[in-house]
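Below, each chain spelled out in residue letters.
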Amino acid sequence: MSFLDELNPIQYEAVTNINGPVMIIAGPGSGKTRVLTYRIANILKQGVDPYRVMALTFTNKASAEMRERIEKIVGAEARNLYMGTFHSVFARILRMEAEKLGLPRNFTIYDTDDAKSLLKTIIKEEGLNDKLYKASNVYYRISSAKNALITPEDYLQLEDWIEEDTQAGRPKIAELYAKYTLRCFKSSALDFDDLLMKTHQLLHKFPDVLYKYQNRFQYMMIDEFQDTNYAQYEIVRLLAAIHENICIVGDDAQSIYGFRGATIQNILNFEKDYPDLKIFKLEQNYRSTEYIVNAANNIIKNNQAQLKKKIFTEQLGGEKIKVYRTASDSDEARMVANAIFEQKMRLHIPHSEIAILYRTNAQSRSFEESLRRLNIPYKIYGGISFYQRKEIKDFIAYLRLTINPNDEEALKRIINFPARGIGQTSIDRMIVTANKHDVALWQMVDYPEGIEDLQGRGKALIKNFSIMMKSFRAMLPNKNAYEIADYIGKTTGIIDEYYKDKTIEGISKFENIQELLNGIKEYSMAEKQEYEEDEVRPENDLAAYLQQISLLTDQDDNNGDVTDRIKLMTVHAAKGLEFDSVYVVGMEEMLFPSALSVLSREDIEEERRLFYVAVTRARKYLTLSYALSRYKFGQLNYCEQSRFIDEIKQENIILYGQKQTTSPSQNSNFSKPEPKWYQSKIKEQAIASQQHSIPATLTKKSTADTKPNIEQAGSITTELKIGDKVYHDKFDTGKVIEIEGIGINKIATVFFNSHGNKKIMLKFAKLQILE
DNA sequence: AGATTGGCGCGTACG
DNA sequence: GCGCCAATCT
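Residues numbered from 1 in each chain as written. Chains lettered and ligands numbered in written order. Predicted model: local features only at pLDDT ≥ 70, side-chain atom pairs only at ≥ 80, totals over all residues. Heavy atoms only, no water.

Undergrad: Any chance you could break down the sheet that holds strand E15 (residues 579-584) for me, citing the residues and the numbers?
TA: Two orientations exist for strands paired in a sheet by backbone hydrogen bonds: parallel and antiparallel. Ordered by their spatial adjacency, 7 strands build an open sheet running E13-E14-E12-E15-E16-E11-E19, and the pairing between neighbours is parallel. Strand pairing shows two members of the sheet lacking a second neighbour, strand E13 (378-380) and strand E19 (653-656), which therefore form its edges. Neighbour to neighbour, the strand axes of the sheet diverge by 20° on average, direction disregarded. Across 4 bridges, the pairing between strand E12 (residues 354-358) and strand E14 (residues 566-570) is parallel. In the sheet register, Leu357 faces E14, and the bridge partner there is Met569. Set on the sheet, helix H15 (residues 290-300) makes contact with strand E11 (321-326) and strand E16 (618-627); between it and E16 the angle comes to about 55°. Along the sheet, helix H17 (residues 364-373) contacts E12, E13 and E14; its crossing angle with E13, the most-contacted strand, is approximately 165°. (Pairing = 2+ DSSP bridges. Helix = DSSP H or I, 4+ residues; strand = E, 2+ residues; numbered from the N terminus. Axes fitted to C-alpha atoms, helices over the stretch in contact; angles between N-to-C directions. Contact = heavy atoms within 4.5 Å.)

Undergrad: Kindly report on the environment of Asp501, identifying the contributing residues and their values.
TA: With respect to the helices and strands, the residue Asp501 is situated in the loop between helix H24 (494-500) and helix H25 (504-525). Ignoring anything within four residues of it in the chain, the contact list for Asp501 reads Gly506 and Ile507.

Undergrad: I'd like a rundown of the environment of Met569, residues and numbers included.
TA: Relative to the elements of secondary structure, Met569 occurs in strand E14. On the basis of relative accessible area, Met569 is assigned to the buried category, the value being 3%. Along the primary structure Met569 and Asp5 are separated by 564 residues, whereas in three dimensions their C-alpha atoms are 36 Å apart. The residues contacting Met569, other than those within four sequence positions of it, are Ile356, Leu357, Tyr358, Tyr381, Ala574, Leu577 and Phe579. (Buried < 20%, exposed > 50% of the residue type's maximum accessible area, 1.4 Å probe, protein only.)

Undergrad: Residues and numbers for the protein's contact with DNA strand C, please.
TA: Within the structure, DNA strand C sits among Lys120, Arg365, Phe633 and Gly634. Atoms of DNA strand C within 4 Å of the protein: sugar and phosphate make up 43%, bases the balance. Within the contact set of DNA strand C, a phosphate oxygen lies 2.6 Å away from a side-chain nitrogen or oxygen of Lys120. In the environment of DNA strand C, a base oxygen lies 3.2 Å from a nitrogen or oxygen atom belonging to the backbone of Phe633. In the surface near DNA strand C, the residues fall into 1 nonpolar, 1 polar and 2 charged. (Near = heavy atom within 4 Å. Polar contact = N/O pair within 3.5 Å; in protein donor to acceptor, adjacent residues only side chain to side chain. Nonpolar A, V, L, I, M, F, W, Y, C, P; charged D, E, K, R; others polar.)

This is the structure:
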């Protein structure tokens, strides 16, 4: 009995064909992780050295899960696989080869905040308008360039890129990119995108290095290939060039990260680069019932850019997909909460098997309120992670600066935190002098006498700071990470700072720092990973610790999952997950699909794939909902059913709420005009997508500013409350003065302006709540 | 220097 | 409608 016996015939082929280029198209719920892990296990069972197998994923979670599952089959050997995220695997290679690129091997990895903060500094130094040159904007542009392997020198020459910047009113991006790159170099820092671009440069510029790794990596596997960008693909292609045992796994229909640089073309055109490609399509869905799989197929059929496949399931029957149409966003939230409550009663599904998925994070609020009202426990996913918190970043900045004195962003964070009298003016003077002499900022801390236009007192305070930092560095050779961190916490006063603060936030910050210290302690006490003979080891324990956490997020933190709670998250965050019951909410034009996507076919297709992802998360029960009116940016907007709902065949759906009686074309209750800034953003988007899109009218909506057509806006109002203003078909408007009964048997007493008090049974009446 | 208020901006997100 | 940042006050 082999582990291979657990596979269906196509899965088996995908697992056992280990040589030559292979593409595995893995539909939703098709057993992808199993195939991937078994395939690697199978390679190892053939006697291949794990050290010669590279497996790349996008998330730490995915790689940890895979490693664990492979270890179950082949044992501890799995630990020596070259497996991890693109960023962590490439960072490891870059550290080994750092000196070739003129970097110290302790280089710092700047996260997005560090990068934006540096850009902000540079924009200010250049005297540019920071309303126009927003750090996030510039960062996005630089990131796109790096993902496309465009260096600052290239950028300065690229007419179309500069033209695009000029159109957006930001012609100086290329210069900022060049300055930013220089500044990162002076800080001995690489940002996330550099980890890819510099790896490519390393392999491209140093044939001996390329040859070494090409030879070493006999087998390569890439997960979620539809999410790769140009840089990632180029690196992989270079590395696989000798053995050509490259296996990519993915699903073009689930490509939803175009906005962060992913090119769906990588998977669509893969066959062109590897004519001998063997293709295996995992089309059997083991997750969902028939209606759900059918609906998913109905939806994705409308996309042009896709590989041919037909997903099927053997789980016939099941419940049809419910579509709830409600009068307002708050109605939608109440409706969904009630439905969850009812579903829970009827089917006894654990809370944790129910998810509410939305397009934008802002939508979570109304659901929080409605769930709380019914005492349904919930957890919102997304938001800032542990390592993003200010207090954690501050503490880590001390550790970073201890390891890498050149780290300008770490230095700026903590030189005056906790307060030690080194104000913004002093820091600005330091930066000016450092730039003038073209040295790292730390040089000025080290030699404050040289800072221009600074009082003696300021210089003395900086000197003290420098002495303190040096005392930390002196501990590196013979103290472990925890001993140093503990000492830093006590010496700098950072722990006291939060200990003194007895506000709720202060206490939480104090606890977070304690948690961080516990983590460091655990790390320092733990057995360390083994390094290959030729691998450069970190100089000391603290450096090793920092290397580990700089590429970590706490997405795989399971602390919150112990309690049985409903899960609320964006559709993006739900990718790769599954639930018994899924609610996809806000199914409206201009929301899902997003208003910013309706201008180009490519963008709409990505939204459609996103909806496809949402639908295929459900095992047994799927509910879609939308509202006819919704507050957006504090403004009431009238909404129209999402085109994606229309794409699902009627036979798979049951509609709740009244049917729309008029056709959209003669209907005037659509959108108010979007706010001005939003319109201009849409226009910007239009310019950005011009090169590759079909021209489209701005929106298909009328801009008439009319009230909703109440007759057709039927809603389900079992969640009515006293004081609500309501509309009734016969009695017109009135106010709720009493509610009796439970659930659908509720009876409301309503005082109607023209008819007086009436008792209304909610399950029959079409009461409409007016906001 | 630290707290408070006013104004502006608003998509989805992994390293 | 809300949260974050920056300018202003104390």
